[in-house]
Amino acid sequence: RAKRARSGSCVFYTHDMEDDAFAQLRLESDLRRALERDELSLHFQPQISLANGRVTAAEALLRWQRPGIGMVSPAQFIPIAEETGLIVRMGEWMIDAVCRQIAAWRDASLPVVRVAVNLSAREFVPELPAKILDALARYALPPSALELEITESVLMSNSERTVSIMQALRDAGLRLALDDFGTGYSSLSYLKRLPIDTLKIDRSFVRGIPDDHDDSALARAIVGLAKNLRLSVIAEGVETAEQAAFLRDAGCDDMQGYYFSRPLPAAAFTLILRTGQPPASA
Ligand code: C2E
Ligand code: MG
Ligand code: MG
Ligand code: MG
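Every chain is numbered on its own, with residues counted from 1 as its sequence reads. All chains are assigned letters beginning at A, and all ligands numbers beginning at 1, according to the order in which they are written. Local features are withheld for residues below a pLDDT of 70 in this predicted model, meaning they are given only at 70 or higher, and side-chain atom pairs are given and counted only at 80 or more; totals for whole chains, interfaces and linings count all residues. Computation of side-chain values covers all heavy atoms of the structure but excludes hydrogens and water.

### Section: the coordination of the magnesium ion (ligand 4)
Definition in use: Metal donors were taken as nitrogen, oxygen and sulfur atoms no farther than 2.8 Å from the ion, or 3.2 Å where the ion is Na, K or Ca. Water is excluded, so coordination may look unfinished. Under the DSSP-based scheme used, a helix requires at least four consecutive residues in state H or I and a strand at least two consecutive residues in state E, with every element numbered from the N terminus. Summary of the burial criterion: residues with accessible area below 20% of their type's maximum are buried, those above 50% are exposed, and those between are partly exposed, where the area comes from a 1.4 Å probe applied to protein chains only.
Within the protein, the magnesium ion (ligand 4) binds to Asp180 (OD) and Glu236 (OE); these donor distances fall in the range 2.2 to 2.3 Å. Here the magnesium ion (ligand 4) and the magnesium ion (ligand 3) are spaced 3.1 Å apart, linked through Asp180, which binds each one. Of this pair, Asp180 sits in strand E8 (residues 175-181) while Glu236 sits in the loop between strand E10 (232-235) and helix H10 (241-250); the two residues are 56 residues apart in sequence, bridging distant segments of the chain. Asp180 sits in the partly exposed class, given a relative accessible area of 24%. We classify Glu236 as buried; its relative accessible area is 10%.

### Quick word on the packing of helix H9 (residues 213-228) against H10
To be explicit about the condition: Here, axes are lines fitted to C-alpha atoms. For helices the fit covers the stretch in contact, and angles between N-to-C directions go from 0 to 180 degrees. Angle categories are assigned with fixed cut-offs, so that under 35 degrees is roughly parallel, over 145 is roughly antiparallel, 65 to 115 is roughly perpendicular, and the rest are oblique. Note on convention: near helix rotated counterclockwise from far helix by under a right angle means a left-handed crossing. Clockwise means right-handed. Whether two residues are in contact is decided by their heavy atoms, any of which lying within 4.5 Å being enough. Here the nonpolar group is Ala, Val, Leu, Ile, Met, Phe, Trp, Tyr, Cys and Pro; Asp, Glu, Lys and Arg are the charged ones; every other residue, Gly included, is treated as polar.
Where H9 meets H10, the closest approach of the two axes is 9 Å, and the angle between their N-to-C directions is 40°. Regarding the angle of H9 to H10, the classification is oblique. Considering how the two elements wind past one another, H9 and H10 form a crossing that is right-handed. The residues of H10 that touch H9, namely those facing Ser216, Ala219, Arg220 and Val223, are Phe246, Leu247 and Ala250. Along the lines of polarity and charge, the residues of the contact of H9 with H10 split into five nonpolar, one polar and one charged.

### Topic: the site of ligand 1
Stated formally: In this text, near means that some heavy atom of the residue lies within 4 Å of the molecule or strand in question. Side-chain atoms alone can form a polar contact between residues adjacent in sequence; in general such a contact is a pair of N or O atoms within 3.5 Å, and within protein one must be able to donate a hydrogen while the other accepts it. Surface accessibility in these figures is a Shrake-Rupley result with a 1.4 Å probe; residues are shielded only by whichever protein chains are displayed.
Ligand 1 sits among 25 residues. The nearest are Asn118, Ser120, Arg203, Glu239 and Tyr258. Measuring from a nitrogen atom of ligand 1, one finds a side-chain N or O atom of Ser120 at 2.8 Å. Starting from 800 Å² of accessible surface for ligand 1 in isolation, the protein chains cover 84%. Here the shell around ligand 1 takes four residues from strand E4 (residues 55-66), the largest share from any one element. Split into classes, the residues belonging to the shell around ligand 1 amount to 10 nonpolar, six polar and nine charged.

### Comments concerning the confidence of the model for the protein
Close reading of the predicted structure is inappropriate where its pLDDT is low. What counts is decided by this rule: The predictor attaches a confidence to each residue, called pLDDT, with possible values from 0 through 100.
Confidence along the protein averages 91 in pLDDT terms, with 93% of residues attaining 70 or more. Across residues 1-6 the pLDDT falls below 50, and counting only partners more than four positions away or on other chains, this stretch makes 13 contacts in the model. Here the prediction assigns the complex a pTM of 0.92, and the interface score ipTM is 0.97.

### As for the coordination of the magnesium ion (ligand 3)
With distances of 1.9 to 2.3 Å, the protein atoms coordinating the magnesium ion (ligand 3) are Asp179 (OD), Asp180 (OD) and Glu236 (OE). The motif formed by the donor residues of the magnesium ion (ligand 3), counted along the single chain, is D-D-x55-E. Between the magnesium ion (ligand 3) and the magnesium ion (ligand 2) the interatomic distance comes to 3.6 Å, and Asp179 is a ligand of both metals. Highlighted residues: Asp179 in strand E8 and Glu236 in the loop between E10 and H10, separated in sequence by 57 residues.

### Some thoughts on the packing of aromatic side chains
To describe a pair of aromatic rings, you give the distance between the ring centres and the angle between the ring planes. Let me state the cut-off plainly: Ring pairs shown here join Phe, Tyr and Trp side chains whose ring centres sit within 6.5 Å, with only the six-membered ring taken for Trp; geometry is labelled stacked below 30 degrees between planes, edge-to-face above 60, and tilted in between.
Tallied over the entire structure, the rule returns five aromatic pairs. With centroids separated by 5.1 Å and ring planes inclined at 65°, the aromatic side chains of Phe44 and Trp105 adopt a geometry described as edge-to-face. You can see Phe44 sitting in strand E3 (residues 40-49) and its partner Trp105 sitting in helix H3 (residues 87-107), a full 61 residues away along the chain. Here Phe44 falls in the buried class, since its relative accessible area comes to 0%. On the basis of relative accessibility, which here comes to 3%, the residue Trp105 falls in the buried class.

### Things to note about the nonpolar core
Note the following rule: To form a nonpolar core, buried Ala, Val, Leu, Ile, Met, Phe, Trp, Tyr and Cys residues must be joined to one another through side-chain atoms within 4.5 Å.
Judged by nonpolar contacts, the single largest core of 84 residues is most densely connected at Leu178, Ile201 and Leu247. Broken down by element, the residue count for this core peaks at 10 residues, all from H3. With sequence-adjacent residues up to four places away left out, Ile201 is seen in contact with Phe181, Val206, Ala219, Ile222, Val223, Val233, Ile234, Ala235, Glu236, Leu247 and Cys252.

Here's what the structure looks like:
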């Protein structure tokens, strides 16, 4: 139990740690079953064009309804899914579910908006483009229906291979966005050779706008960088009218955040598609 000491070596093993380890194991095995038990679902958060205030796209975000516990945040379970490799099957589920939903909107004669999907480093294998194109074909969707969001950490693992996979995806007509931009440690020179369409300004910079001088300056600099590289730029985590106004003046193309809408279940997002307007301005 509590603290054990053996022949000179001291094992710091407390009751709490044992509970934590146990809870971690439970979480892992529950997560393993989540797919089979249909406990995963999708939320959609609208992305708003600053040019016309309309919803032009959505980001799909995974949700896990854990029995007896409730909604578990992806910030908690994605890292475990990555460690255990479960992320690969989850990613396949995610791509299929997103395509199925886009096809359902199309079949209901609603405007087809592009949906952005997050990808982890472990999903970035040479088979990825074929898997995604298969899913699109299953639902008769054009590749332009999807955008893939990757973070700088994806580039760190095996950048040569990653860049060629990205190139294949882009050649096939998918859009690519660099998520959480500005929080990684890579050098800026990699931006030159990356086949991407969009920079997504990380929420940590948006948070301090407009009062924090450094955050505001960095957000403005990222917009400038994107423009000069002829990339589109979107800000995530926009929570206030002041942040939205600042980013609009800075030249940001699109925005996403609680100010416009929280991530929504598919049914609620469908209502937004009917009007083309985010709920805040409706
Ligand atoms: P992310 O891709 O950067 O997604 C944005 C996160 O910010 C989402 O958190 C979203 O709900 C939250 N957010 C949006 N607007 C605001 C705002 O105005 N204020 C604040 N404070 N937060 C806002 P969420 O849904 O908890 O997802 C967290 C992260 O989990 C995502 O960060 C992404 O990295 C990862 N994730 C989610 N779904 C998937 C998935 O299907 N696959 C993979 N590989 N990762 C996923
Ligand atoms: Mg994202
Ligand atoms: Mg992000
Ligand atoms: Mg982020």
